[in-house]
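Below are the chains, spelled out letter by letter.
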Amino acid sequence: MPRGPRRRATAKLVVVANRLPVDRVTLPDGTVTWRSSPGGVVSALEPVMREQRAAWIGWPGVSGEVEIPDDASDLWLVPVAISESEHEEYYEGFSNGTLWPLYHDLVAKPEFHREWWDAYIDVNQRFAAAAAEVAAKGATVWVHDYQLQLVPAILREMRPDLRIGFYLHIPFPPAELFSQLPWRRQILEGLLGADLVGFQLPGGAANFTRLVRQRVGHRTQRDNVFLPDGRVVTAKAFPISIDAAGFEELARSDATRRRAEQIRQDLGSPHKVFLGVDRLDYTKGIYPRLKAFSELIIEGSLSVEDAVFVQVATPSRERVDEYRMIRDELDRLVGRVNGDLGRIGRPAISYLHMSFPRAEMAALYRAADIMVVTPYRDGMNLVSKEFVACRYDDRGALVLSEFAGAAAELRQAYLVNPYDINGIKSQMMAAYSATPSEIARRMRTMRKTVQDNDVGHWAASFLKALG
Ligand code: ADQ
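The residue numbers shown here count from 1 along each chain, following its written sequence. With pLDDT at 70 or above as the cut-off, local features in this predicted model cover only qualifying residues; side-chain atom pairs require 80 or more to be listed or tallied, and sums for whole chains, interfaces and linings still use all residues. The side-chain figures draw on all heavy atoms in the structure; neither hydrogens nor water molecules are used.

*Asks:* It is not clear to me how the pattern of salt bridges should be interpreted in this structure. Could you clarify?
*Replies:* When their charged atoms lie close together, side chains carrying opposite charge are able to pair. The salt bridge definition used is simple: a Lys or Arg side-chain nitrogen within 4 Å of an Asp or Glu carboxyl oxygen. Scanning the entire structure with this criterion turns up 35 salt bridges. Asp-195 is the partner of Arg-156 in a salt bridge, and the nearest nitrogen-oxygen pair spans 2.9 Å. Linking Arg-156 in helix H4 (residues 151–158) with Asp-195 in the loop between helix H6 (184–191) and strand S8 (196–199), this pair joins segments that are 39 residues apart in sequence. Using a 1.4 Å probe on the protein chains alone, a residue whose accessible area is under 20% of its type maximum counts as buried, one over 50% counts as exposed, and one in between counts as partly exposed. Among the residues examined, Asp-195 registers a relative accessible area of 8% and is labelled buried. Salt-bridge contacts for Glu-318 lead to Arg-327; the nearest nitrogen and oxygen are separated by 2.5 Å. Several salt bridges converge on common partners, so that one network encompasses Glu-248, Arg-252, Asp-394, Arg-444 and Arg-447. Only DSSP runs of H or I reaching four residues or more are called helices, and only runs of E reaching two or more are called strands; each is numbered from the N terminus.

*Asks:* Help me understand the sheet that holds strand S4 (residues 54–59), please; the structure alone is not making it clear to me.
*Replies:* Working definition: the strands of a sheet are paired by backbone hydrogen bonds and lie parallel or antiparallel to each other. Here, any two strands with at least 2 DSSP bridges between them count as paired. The sheet built from 9 strands is open, its strands ordered S5-S4-S1-S6-S7-S8-S11-S10-S9 with mixed pairing. The strands lining the two open edges of the sheet, one partner per strand, are strand S5 (76–79) and strand S9 (219–221). Sheet twist, expressed as the mean angle between neighbouring strand axes with direction ignored, is 20°. Pairing between strand S1 (residues 11–19) and strand S6 (residues 135–144): 5 bridges, direction parallel. Its bridge partner being in S6, Leu-13 is matched across the sheet by Thr-140. Note on geometry: axes are lines fitted to C-alpha atoms, helical ones only across the stretch in contact, with angles between N-to-C directions running from 0 to 180 degrees.

*Asks:* Looking at this structure, how should I read the sheet that holds strand S16 (residues 397–401)?
*Replies:* Spatial strand order, S14-S13-S12-S15-S16-S17: 6 strands in an open sheet with parallel pairing. The sheet is open, and its two edges are formed by strand S14 (349–352) and strand S17 (414–416), each paired on a single side. Each strand axis lies, on average, 20° off the axis of its neighbour in the sheet, ignoring direction. Its contacts with the sheet put helix H13 (residues 382–390) on strand S12 (272–280), strand S15 (370–373) and S16, and the angle it makes with S16 is roughly 165°. Note on contacts: a residue pair is in contact if any heavy atoms of the two residues lie within 4.5 Å.

*Asks:* What's the story with the site of the ligand in this structure? I'm lost.
*Replies:* If you check the shell around the ligand, you find 22 residues, and the closest are His-169, Thr-314, Phe-356, Asp-378 and Glu-386. N or O atoms within 3.5 Å of each other form a polar contact, as long as, within protein, one can give a hydrogen and the other can take it, and as long as residues adjacent in sequence are counted only when both atoms are side-chain atoms. At a separation of 3.2 Å, an oxygen atom of the ligand approaches a polar side-chain atom of Gln-200. Here an oxygen atom of the ligand and a side-chain polar atom of Asp-378 are 2.5 Å apart. Here the accessible surface of atoms and residues is derived via Shrake-Rupley with a 1.4 Å probe, and residues count as covered only by protein chains that are part of the display. In the complex, 82% of the free accessible area of the ligand, which totals 720 Å², lies under the protein chains. For the shell around the ligand, the elements supplying multiple residues, two or more each, are S12, strand S13 (307–315), helix H12 (358–367) and H13. Near residues are defined by distance, with any heavy atom within 4 Å of the molecule or strand qualifying the residue.

*Asks:* How should I be thinking about unusual backbone geometry in this particular structure?
*Replies:* The phi angle of most residues is negative, glycine excepted, and most peptide bonds adopt the trans form. Of note in the backbone geometry, Asp-145 takes a positive phi value of approximately 80° without being a glycine. Mapped onto the elements of the fold, Asp-145 is located in the loop between S6 and H4. Look at Asp-145 and you get buried, because its relative accessible area is 12%. One non-glycine residue with positive phi stands out, namely Arg-317, at about 45°. Tracing the chain through its elements places Arg-317 in the loop between S13 and helix H11 (321–341). Owing to a relative accessible area of 18%, Arg-317 belongs among the buried residues under this scheme.

*Asks:* Can you walk me through helix H8 (residues 244–252) in this structure?
*Replies:* What sets the pattern is the α-helix's 3.6 residues per turn: residues three or four places apart point alike. All of the buried residues along H8 are Ala-244, Gly-246, Phe-247, Glu-248 and Ala-251. Tucked inside the fold, the buried residues of H8 contact helix H9 (254–266), H12, H13 and helix H15 (436–452).

*Asks:* When you look at the packing of helix H10 (residues 286–298) against H11 in this model, what are you seeing that I'm missing?
*Replies:* The axes of two packed helices give the description: the angle between them and the distance between them. Relative orientation of the contacting elements H10 and H11 amounts to 10°, with a least axis distance of 11 Å. As judged from the angle between their axes, H10 and H11 are roughly parallel. From H10, Ile-286, Tyr-287, Leu-290, Lys-291, Ser-294, Ile-297 and Ile-298 reach across to H11, where they touch Glu-329, Leu-330, Leu-333, Val-334, Arg-336, Val-337 and Leu-341. Residue polarity follows a fixed list, in which Ala, Val, Leu, Ile, Met, Phe, Trp, Tyr, Cys and Pro are nonpolar, Asp, Glu, Lys and Arg are charged, and the others, Gly among them, are polar. The residue makeup of the contact of H10 with H11, split by class, is 10 nonpolar, 1 polar and 3 charged. Here roughly perpendicular refers to angles of 65 to 115 degrees, roughly parallel to angles under 35, roughly antiparallel to angles over 145, and oblique to all remaining angles.

*Asks:* How should I be thinking about the packing of aromatic side chains in this particular structure?
*Replies:* Both the distance between ring centres and the angle between the ring planes are used here to describe each pair of aromatic rings. Whether two aromatic rings pair depends on their centres lying within 6.5 Å, for rings of Phe, Tyr and Trp, where Trp uses its six-membered ring; planes under 30 degrees apart make the pair stacked, over 60 edge-to-face, and the rest tilted. Applying the stated criterion to the full structure yields 27 aromatic pairs. Each ring, one from Phe-94 and one from Trp-117, has its centre 5.4 Å from the other, and the planes form 55°; the classification is tilted. Of this pair, Phe-94 sits in helix H2 (residues 84–103) while Trp-117 sits in helix H3 (residues 114–134), and the two are 23 residues apart along the sequence. Residue class for Trp-117 comes out buried when judged on its relative accessible area of 6%. Here the aromatic rings of Tyr-365 and Phe-387 are separated by 6.3 Å at their centres, their planes lie at 70°, and the arrangement is edge-to-face. On the criterion of sequence distance, the pair formed by Tyr-365 in helix H12 and Phe-387 in helix H13 is long-range, its members being 22 residues apart.

*Asks:* Is there a simple way to explain H12 in this structure?
*Replies:* Buried residues dominate H12, accounting for 8 of its 10 residues. For H12, the full list of buried residues reads Glu-360, Met-361, Ala-362, Ala-363, Leu-364, Tyr-365, Arg-366 and Ala-367. Taken together, the buried residues of H12 touch H8, H9, S12, S13, S15 and H13.

*Asks:* Would you mind going over the environment of Val-225 with me for this structure?
*Replies:* Mapped onto the elements of the fold, Val-225 is located in strand S10 (residues 224–226). Val-225 gets classed as buried once you look at its relative accessible area, which sits at 0%. C-alpha of Val-225 to C-alpha of Phe-208: the two residues are 17 residues apart in sequence and 9.9 Å apart in space. Those residues in contact with Val-225 that lie beyond four places of it in its chain are Leu-192, Thr-209, Val-212, His-218, Arg-219, Thr-220, Arg-231, Val-232 and Val-233.

*Asks:* Quick question: what am I supposed to make of the environment of Gly-456 here?
*Replies:* As for its placement among the helices and strands, Gly-456 is situated in helix H16 (residues 455–466). The spatial distance from the C-alpha of Gly-456 to the C-alpha of Pro-47 is 8.6 Å, given a sequence separation of 409 residues.

Next up, the structure:
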């Protein structure tokens, strides 16, 4: 971003997302500092944001008012204050207790609470006001995700001069499910404040336009919604991706190769390593894949001498009940499987609750033979794409849920229905027994797809369509 005074109404591009791309960390000596927290969206947007005067609006991750020092990030960061109780009601409540399960096929039961909805409105208003304050005349504002679906309409009301885009990172559900939401019309109208509403898949965009027709009564034609005031809103799919070149470069480095070898050695040099990497979330289908693996061992199709399952599950949203429940359920399953089937120094499942730096992720992807990704429903699933980007050696098989957005692109994966444990078992065995040339054939095609459609391409095509 061109340096200079960061003042009101000067940002030509404004990104609005629940979280700012920084974390506050307390060092061992007690000093508090801020560290940038890179993620896919940050690395996609950073180049565009640097080229122009751009601001990022979001919650800094700690309650109340905070000051973020200028040197915490190269980006212009604008913190939005959220109180402890708003965090409970807007974020843990309405966003993660209502919308998240509702938008993921009711994998868990959504709760509908009027106080949560009220907090959602208040916080959305605050984000919109912050964007209205920093955006220059005629600026582009890009709002992200399910926590902020009311921002486009509130912002348009405040600043009709802006070009507003919205992108939903999670699935947009079919009318039959969405219609349960007591505030369905308000959410649709909130999104219609945008000029362009982006989804992971064409099905999400189609669900949205159908609901707008049914519930708001506007005329629609293919991707377009025609509003009574003459405005046209476009709803379209822009499948998100990863920094494919960056992952590949990491994977190719000597340090990563050595680390991957070390990981395999530490696992006792098994014949095949199965890998799962997820945020610990009930939508990710961690249970059925571990169950499938344990049954394969019990039946003798695999043995703990030949195969190990490494499951990395980073705890998340731990204050929401369903997340504590899934964590306990997995702890019990892994304990039972290892207790019953493991040998000394040879657990069947190596289960880790931790978050790794990108380089360690690349080493894990390289160390694995078979990556198993079995969400019940997932907007995209970046882990599957990261694995593919790292397998420049054309080794490595991907077992992938049909219900991950990524399955629309990664057709050469071993596709599974995550509700069908026998189906997962047979696809895991197909991947286990496949010849190297069969694996290479599938991986080459998938790698080309991921290289050609990286996250830079995603950001550029969204902004071009919006512009
Ligand atoms: P998530 O539900 O978080 O994202 P995903 O797309 O898989 O799911 O992205 C997870 C990211 O976190 C990946 O980049 C992965 O490398 C990283 N990660 C996971 N476990 C980690 C660990 N232990 N240590 C370090 N990093 C880890 C939401 C939607 C998805 C959608 C994305 C992007 O739910 O469907 O693909 O947004 O739009």
